[in-house]
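# Summary of structural features
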Amino acid sequence: MKMDLILRITTKLLIPFMLLFALYVQFHGDYGPGGGFQAGVITAAMVILYALIFGLKAAQRVVPVSVVQFMVPLGVLVYTGVGVYTMFKGGEFLNYNLLGHDRVHAQEWGILLVEIGVYITVSGTMTAIFYMFAGRGR
Amino acid sequence: MEALINMVLLTLLAIVTIGVIRMKNLFAVVILSGIYSFLMASVFIVLDAIDVAMTEASVGAGISTVLLLGTLYLTKSEETEPLHKPYVALFLAAVTAGALIYGTLGLPPFGAPDAPIHLHVANRYIENWKEETGVPNVVTSVLASYRGFDTLGETAVIFTAGIGVLLLLKGRKSPGAETPDMQAEAVAARAAAREAEAEADAEDNLS
Amino acid sequence: MNPFIHELIAHYNQWITIFLMVSGLYIVIAKDNMVKKLVGLSLFQTSVYLLYISPGKILGGTPPIMDPKFSVYSNPLPHVLILTAIVVGVATLALGLALVVRINEAYGTIEEDEIFARGEEE
């Protein structure tokens, strides 16, 4: 048996745990180290690992280039959308206190939405950059 | 004890940097820079900066290494000998280092709790976190709530970098790129430059 | 001997930071290969992160995650600034490497002196 059998099976076992860990880091960024950037980079690393072991075409079937290209500006839109929404509610740009009835709850909502925006942009950009470098070809 | 672990890790960092300067094989340089990022992440953990350590480990040792290896795949992986001796660069580096070391002699010592940076804004963030944001991780609350505009700017920077790389590298290589011929021409030009310098040196020695 | 050891422990972080900064600067100025210059630039940037984070440490403190059991926390403000700086650094590196790939396709080489020689010929 060729050695890449071990690599393929180990990758198949690892990838769901990597995704789970990325989402854990994202949503528990309030209570431990973490946040949008770390989670986005771990998600991109998961896609890169899949592309390295199974080939670029297989990875682009699972996470297409058009989806990744769409994610790059989507995160910035979500972030700015939160700010514009608070302006509609009557306050300044990105004043989280207007997102809910109670100050602490509103701040938590604001931080959650903003970190999701950062996560989408960072994971999309890192994956897109890797696709560009790997797809240039000799 | 913390100071001792800190000093050992920093010494290892300096040794890896000397390796990066001296090595000619670019693949080894890329791997050494990955080791450098991991050591820096460990130093950040000893310095109580756990968010920064996670980011540096994943971004520096993960994404940076992958991108550098991708570039080596598309270009070449051995560095050629430079034509000029680097004496001016060494002199500049030594003068800059001397000036900066002279400047650090007046700074507060490592780990002092009464240094000026601990006395003003950071205290306000640490004391008022419960009423103002309710998020125990002060770094996340400062990043996303107190200084949310900076994070918006940073997300815009990542977006710009993604758009830039997509613009530069999307699409196939142009079909007329004569890379092997250009490489042969470049090697010939280099050899001609070396011969010209060697002749000039020989003439100077004779006269 | 004792005051020298005391000075060394107090300023060792800063001196190693300066050494890393100056080596990064040397690689960017003196080496001709473009990929090596970019590696040197990223070394320089990482030493600047160390320059910001090491004054924030308080000996005997704990990471800045609030817990009723601890009372002395290290300073969280440099951590926030450096989180932004790390991601901006990788964005710069990615753009620089994309430019190096295009330069290689246009000139056939990534050594600076060879590119200058070709430029003088044309």
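## So, the overall build of chain A
Across its full length, chain A holds five helices and zero strands. Listing the helices and strands of chain A from first to last along the sequence gives α-α-α-α-α. By the compact-globule yardstick of 14 Å for 138 residues, chain A is too spread out, its C-alpha radius of gyration being 18 Å. Structurally, chain A occupies a C-alpha span of about 65 × 30 × 20 Å along its principal axes. Out of the 138 residues belonging to chain A, those deemed buried represent 41%. Summarising the internal contacts of chain A: among those between residues at least 6 apart in sequence, 63% fall at separations of at least 24.

## Comments concerning the overall build of chain C
Scanning chain C from N- to C-terminus turns up four helices and zero strands. Element order for chain C, N to C, with α for helix and β for strand: α-α-α-α. Here chain C has a C-alpha radius of gyration of 21 Å; the compact-globule value for 122 residues is 14 Å, and the former is much larger. Over its C-alpha atoms, taken along the principal directions, chain C stretches across nearly 70 × 40 × 15 Å. Excluding contacts between residues fewer than 6 apart, the proportion of contacts in chain C whose partners are at least 24 apart in sequence is 42%.

## Things to note about the interface of chain A and chain C
If you look at the interface, chain A gives four residues, while chain C gives five residues. Looking at the side of chain A that touches chain C residue by residue, the class counts come to two nonpolar, one polar and one charged.

## Details of the interface of chain C and chain B
Taken together, the contact between chain C and chain B spans 76 residues of the former and 86 residues of the latter. Of all the secondary structure elements, the ones that give two or more residues to the side of chain C that touches chain B are helix 1 (2-30), helix 2 (34-53), helix 3 (77-107) and helix 4 (112-121) of chain C. Ranked by residue count, the leading element in the side of chain C that touches chain B is helix 3 of chain C, at 23 residues.

## Re the nonpolar core
Core analysis: the largest hydrophobic core is formed by 107 residues, its most contacted members being Val41(A), Ile129(A), Phe44(B), Leu67(B) and Ala94(C). The residues touching Ile129(A), leaving out its near neighbours within four places in the chain, are Leu67(B), Gly162(B), Val165(B) and Ala94(C).

## Section: the packing of helix 1 (residues 4-27) of chain A against helix 2 (residues 36-54) of chain A
Residues and elements named next belong to chain A. Two numbers describe how helix 1 lies on helix 2: the axes approach to 9 Å, and their chain directions differ by 165 degrees. As the angle between them shows, helix 1 and helix 2 are arranged roughly antiparallel. Seen from above, helix 1 lies across helix 2 with left-handed handedness. Here Leu7, Arg8, Thr11, Ile15, Met18, Leu19, Phe21, Ala22, Leu23, Val25 and Gln26 of helix 1 lie close against helix 2, whose contacting residues are Gly36, Gln38, Ala39, Ile42, Thr43, Met46, Leu49, Tyr50 and Ile53.

## Observations regarding the environment of Val39(C)
Mapped onto the secondary structure, Val39(C) falls in helix 2. For Val39(C), a count of 25 C-beta atoms within 10 Å translates into the label buried. Taking the C-alpha atoms as reference points, Val39(C) and Val87(C), separated by 48 residues in sequence, lie 16 Å from one another. When sequence neighbours within four positions are dropped, the list of residues in contact with Val39(C) reads Val20(B), Val29(B), Ser33(B) and Leu68(B).

## Notes on the confidence of the model for chain C
All names here are of chain C. Here chain C shows a mean pLDDT of 89. Residues at 70 or above account for 98%. At the low end of the mean pLDDT range in chain C sits helix 4, at 80; at the high end sits helix 2, at 93. Interface confidence in the predicted complex, given as ipTM, is 0.92; pTM for the same model is 0.87.

## Re helix 5 (residues 103-134) of chain A
With 32 residues, helix 5 of chain A should reach 46 Å at 1.5 Å per residue; the first-to-last C-alpha distance of 47 Å fits that figure. Across the 32 residues that make up helix 5 of chain A, a large majority, 23, are buried.

What counts, and where the lines are drawn
- Residues numbered from 1 in each chain as written.
- Chains lettered and ligands numbered in written order.
- Predicted model: local features only at pLDDT ≥ 70, side-chain atom pairs only at ≥ 80, totals over all residues.
- Helix = DSSP H or I, 4+ residues; strand = E, 2+ residues; numbered from the N terminus.
- Rg over C-alpha atoms; globule rule 2.2 N^0.38 Å.
- Buried ≥ 20, exposed ≤ 12 C-beta atoms within 10 Å, placed from the backbone.
- Contact = placed C-beta atoms within 7 Å.
- Nonpolar A, V, L, I, M, F, W, Y, C, P; charged D, E, K, R; others polar.
- Core = buried A, V, L, I, M, F, W, Y, C linked by C-beta atoms within 7 Å.
- Axes fitted to C-alpha atoms, helices over the stretch in contact; angles between N-to-C directions.
- Parallel < 35°, antiparallel > 145°, perpendicular 65-115°, else oblique.
- Left-handed = near helix turned anticlockwise from the far one by under 90°.
- pLDDT = per-residue confidence, 0-100.
- Expected span 1.5 Å × (residues − 1).

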